[in-house]
Amino acid sequence: VQLQASGGGLVQAGGSLKLSCAVSRHTYSRVHMAWFRQAPGKEREFVAALRWRGGSTYYADSVKGRFTISMDNAKNTVYLQMNSLKPEDTAVYYCAVDVNGILSSVRLSEAYDYWGQGTQVTVSS
């Protein structure tokens, strides 16, 4: 499985960005797709995830109400719409795939098997 993330950039606080993650075709059926982020000097943290079949979504408390994860099955693409951005959202954002789709580990980076290359999001104050 290959993932290609895009859409990062520089935006002012309060602005919006939409990240995309194109996923290569695969035959896995119980898949979680997720976005993680890593700021300089910090550990990688969970942002949002969705179940590929069924569409259940999960969010970190820090982004709930501001970010929305979605998917386009026809394009095999997962999106992260980020609104009301804050300087503390500045990070490299990674998309990832968990081919086992275990609910109890949806927020754990070690559960994810494949990762995209990351896209930089910078929010200026």
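For the structure itself, consult the block above.
Overview of the structure.

The rules behind the values
Residues numbered from 1 in each chain as written. Predicted model: local features only at pLDDT ≥ 70, side-chain atom pairs only at ≥ 80, totals over all residues. Heavy atoms only, no water. Helix = DSSP H or I, 4+ residues; strand = E, 2+ residues; numbered from the N terminus. Rg over C-alpha atoms; globule rule 2.2 N^0.38 Å. Buried < 20%, exposed > 50% of the residue type's maximum accessible area, 1.4 Å probe, protein only. Contact = heavy atoms within 4.5 Å. Areas by Shrake-Rupley, 256 points an atom, 1.4 Å probe, with all protein chains shown as cover. Lys, Arg positive; Asp, Glu negative; His and termini not counted. Charge placed at Lys NZ, Arg CZ, Asp CG, Glu CD.

**Notes on the overall build of the protein**
Turning to step 1, where the next piece is worked out: The number of helices and strands found in the protein is zero helices and 11 strands.
Turning to step 2, where the next piece is worked out: Order of helices (α) and strands (β) in the protein, N terminus to C terminus: β-β-β-β-β-β-β-β-β-β-β.
Turning to step 3, where the next piece is worked out: At 13 Å, the protein has a C-alpha radius of gyration in line with the 14 Å of a compact globule built from 125 residues.
Turning to step 4, where the next piece is worked out: Overall, the protein is about 45 × 30 × 25 Å in size when its C-alpha atoms are taken along their principal axes.
Turning to step 5, where the next piece is worked out: Per-residue burial for the protein yields a buried fraction of 45% across its 125 residues.
Turning to step 6, where the next piece is worked out: Considering only contacts within the protein whose residues lie at least 6 apart along the sequence, 57% involve residues at least 24 apart.
Turning to step 7, where the next piece is worked out: By element, 46% of the accessible surface of the protein is carried by carbon and sulfur atoms, the whole surface being about 6,300 Å².
Turning to step 8, where the next piece is worked out: Each charge class in the protein can be summarised by its mean position, and for the 13 positive and 9 negative side chains these summaries are 7 Å apart.

**Details of unusual backbone geometry**
Turning to step 1, where the next piece is worked out: The backbone phi angle of Asn 76 is positive, close to 50 degrees, even though this residue is not glycine.
Turning to step 2, where the next piece is worked out: Checked against the element boundaries, Asn 76 lands in the loop between β7 (67-72) and β8 (77-82).

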